[in-house]
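Examining the three-dimensional arrangement
Read off the chains here:
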Amino acid sequence: MSAAHPHAEIVVDLAAIRHNVRLLRQVTSTEVMVVVKANGYGHGMIHSARAAREAGASWLGVAMLDEALALRAAGDTGRILTWLAIPGEDYAEAIRHDIDVTAYTLAEVAEVRAASRVVGAPARLQLKVDTGLSRGGATEQQWPDLVAASRAAEVAGEVTVTGVWSHFAASDEPDHPANDRQEASFLAALKVVEAAGLTPEVTHLANSAAALLRPTSRFDLVRCGLTAYGLDPAPGVPGSFAERLIPAMTVRARLALTKAIPAGAGVSYGHTWTAAEATHVGLVPIGYAEGVPRHASSRAEVFVAGSRRPVRGRICMDQFVVDLGADDLPAGTEVVIIGPGRHGEPTAQDWATACDTINYEIVTRWGGRLRRCYVNETESLATDEASDAR
Ligand SMILES: *Cc1c(COP(=O)(O)O)cnc(C)c1O
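Remember, predicted model here, so these are calculated numbers, not experimental data.

**Brief notes about the sheet that holds strand 1 (residues 8-13)**
Within the open sheet, the nine strands sit side by side as 11-14-17-16-15-18-10-1-19. Their pairing is mixed. Unpaired on one side and paired on the other, strand 11 (257-261) and strand 19 (371-375) mark the two borders of the sheet. Direction aside, neighbouring strands of the sheet carry axes that sit 35° apart on average. Inspection of the sheet shows strand 16 (residues 307-312) paired to strand 17 (residues 320-325) by two bridges, in the antiparallel sense. Along strand 17, the bridge assignment pairs Val311 with Val322.

**Structural notes on the side chain of Asn207**
With respect to the helices, strands and loops of the structure, Asn207 is situated in the loop between strand 8 (202-204) and helix 9 (208-213). Look at Asn207 and you get buried, because its relative accessible area is 16%. Filtering out sequence-adjacent residues up to four positions away, Asn207 remains in contact with His167, Phe168, Ser171 and Arg223.

**A short note on the site of the ligand**
The ligand sits among 14 residues. The nearest are Lys37, Tyr41, Ser208, Leu226 and Tyr360. Separating an oxygen atom of the ligand from a side-chain N or O atom of Trp83 is a distance of 3.4 Å. Contact between the ligand and Gly225: an oxygen atom at 2.9 Å from a main-chain N or O atom of the residue. The fraction of the free accessible surface of the ligand (390 Å²) that becomes covered by protein chains is 94%. For the shell around the ligand, the secondary structure elements donating two or more residues are helix 2 (37-41) and strand 9 (221-224). Grouping the amino acids of the shell around the ligand by side-chain chemistry returns seven nonpolar, four polar and three charged.

**Details of the confidence of the model for the protein**
When the pLDDT values of the protein are averaged, the result is 95; 96% of them are 70 or greater. Throughout residues 385-390 the model reports pLDDT below 50, and contacts reaching past four residues in sequence, or to other chains, amount to ten contacts.

**Description of the packing of helix 1 (residues 14-28) against helix 3 (residues 45-54)**
The interhelical angle for the contact between helix 1 and helix 3, taken along N-to-C directions, is 45°, at an axis separation of 8 Å. In terms of their interaxial angle, helix 1 and helix 3 are classed as oblique. As for how helix 1 packs across helix 3, the hand of that crossing is right-handed. Here Leu14, Ile17, Arg18, Val21 and Arg22 of helix 1 lie close against helix 3, whose contacting residues are His47, Ser48, Ala51, Ala52 and Glu54.

**Side note on the pairing of strand 10 (residues 249-254)**
As defined by bridge partners, strand 1 adjoins strand 10 across five bridges and the pair is classed as antiparallel. Bridge pairing in strand 10 places Val12 opposite Met249. In the sheet, strand 10 pairs with strand 18 (residues 334-338) via four bridges, with the strands oriented antiparallel. By the bridge assignment for strand 18, Arg252 is matched with Val336.

**Observations concerning unusual backbone geometry**
The bulk of non-glycine residues show a negative phi, and the bulk of peptide bonds are trans. Phi angles above zero are rare outside glycine, and Asn39 is one such case at about 55°. With respect to the secondary-structure elements, Asn39 resides in helix 2. Take Asn39: its relative accessible area is 35%, and that puts it in the partly exposed class. Phi is positive for Asn376, close to 55°, though the residue is something other than glycine. Examined against the element boundaries, Asn376 turns out to sit in the loop between strand 19 and helix 12 (381-388).

**Some words on the pattern of salt bridges**
With the rule as written, the count across this model stands at 23 salt bridges. The shortest N-O distance in the salt bridge between Arg72 and Asp76 comes to 3.6 Å. Residue Asp76 is classed as buried on the basis of its relative accessible area of 12%. Between Arg214 and Asp180 there is a salt bridge, and its shortest N-O distance comes to 2.8 Å. Of this pair, Arg214 sits in the loop between helix 9 and strand 9 while Asp180 is found in helix 8 (residues 177-195), placing the two residues 34 residues apart along the sequence. Arg214 sits in the buried class, given a relative accessible area of 15%. Given a relative accessible area of 51%, Asp180 falls into the exposed group. The network of salt bridges with shared partners includes Glu9, Arg252, Glu334 and Arg371.

About the cut-offs
Residues numbered from 1 in each chain as written. Predicted model: local features only at pLDDT ≥ 70, side-chain atom pairs only at ≥ 80, totals over all residues. Heavy atoms only, no water. Pairing = 2+ DSSP bridges. Helix = DSSP H or I, 4+ residues; strand = E, 2+ residues; numbered from the N terminus. Axes fitted to C-alpha atoms, helices over the stretch in contact; angles between N-to-C directions. Buried < 20%, exposed > 50% of the residue type's maximum accessible area, 1.4 Å probe, protein only. Contact = heavy atoms within 4.5 Å. Near = heavy atom within 4 Å. Polar contact = N/O pair within 3.5 Å; in protein donor to acceptor, adjacent residues only side chain to side chain. Areas by Shrake-Rupley, 256 points an atom, 1.4 Å probe, with all protein chains shown as cover. Nonpolar A, V, L, I, M, F, W, Y, C, P; charged D, E, K, R; others polar. pLDDT = per-residue confidence, 0-100. Parallel < 35°, antiparallel > 145°, perpendicular 65-115°, else oblique. Left-handed = near helix turned anticlockwise from the far one by under 90°. Salt bridge = Lys/Arg side-chain N within 4 Å of Asp/Glu carboxyl O.

Written out as structure tokens, the structure reads:
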């Protein structure tokens, strides 16, 4: 596979990301942290981050410190928050690169303080309270001690507490009772923070679904991943502005081969699908090594020559077969696996529905031998307007 003639590629429209980030800022009227973890949800972390900054993202969010350091190495100089550390994390590197880190526990505060003494500068520290997700963060019982320890570290000049935050369990289900409970618990946690004398720059709770659907949860900052890439975190839930987002990712390939097969021919490993009548099939040269879910076997559709075509039989490691029906198309014909959906091509959500998963997983899992390329790389009013108008 040469770079000039890829078998298959991920095409990322950076004007779409800029549009989405601007829309999020405008509709929520808050600062936006664009979450670019996991290689920008499969869209390419560095390019996505650059587009997000151009559109006014005052913060970037990543899970791991290494991701934040990669953003710095690529030249990003804005605020960056990380939130998933393990014991022995290199907090000194975070301090040297002006990266905000998150503590969930007293042990982490102690590690951050030790790193501050090594570097000779205070760490930027945010505190996470577990308001009910039971994942990261201090429980309500642990919270007062975490806050007190962080205040002591601040008084000692070893940290600056820059933020306090939490994360929803069910913000994509606006009527779920956990949402009200978590927001109330967050407000109670902020009272503890205030009483301890901490004055964080930012308090934040909302992810994409809450940013769209729950205005009371927006506080100083919304942490938006999925929506920045143009996807709906709560498909089918009314009352959001998700239809104004533009999906940024297209995955496309070219048919390696087409042929006629007779009635009764079994297709792909295990012959889990058999042609009921004579048909034409096309070979798509990407497989589960590229992140095509094997669960899509005989379930998903792709877009070829103006129509949706069903996947037939099992997805293989490098390839899968689509049914072209009566159409005797030439090898080399373009196949759109997912796209924004404007021309009838399947969306990430269509693949998620076919595979019993969420659109987050569909876009994030692409990899293997897929090449990633970008369109509308440079910020220009003309291209952004063109993409907004689609
Ligand atoms: C991934 C993540 C987000 C972004 O969630 P979206 O639903 O994609 O907006 C926000 N906050 C935290 C803590 C995360 O881990």
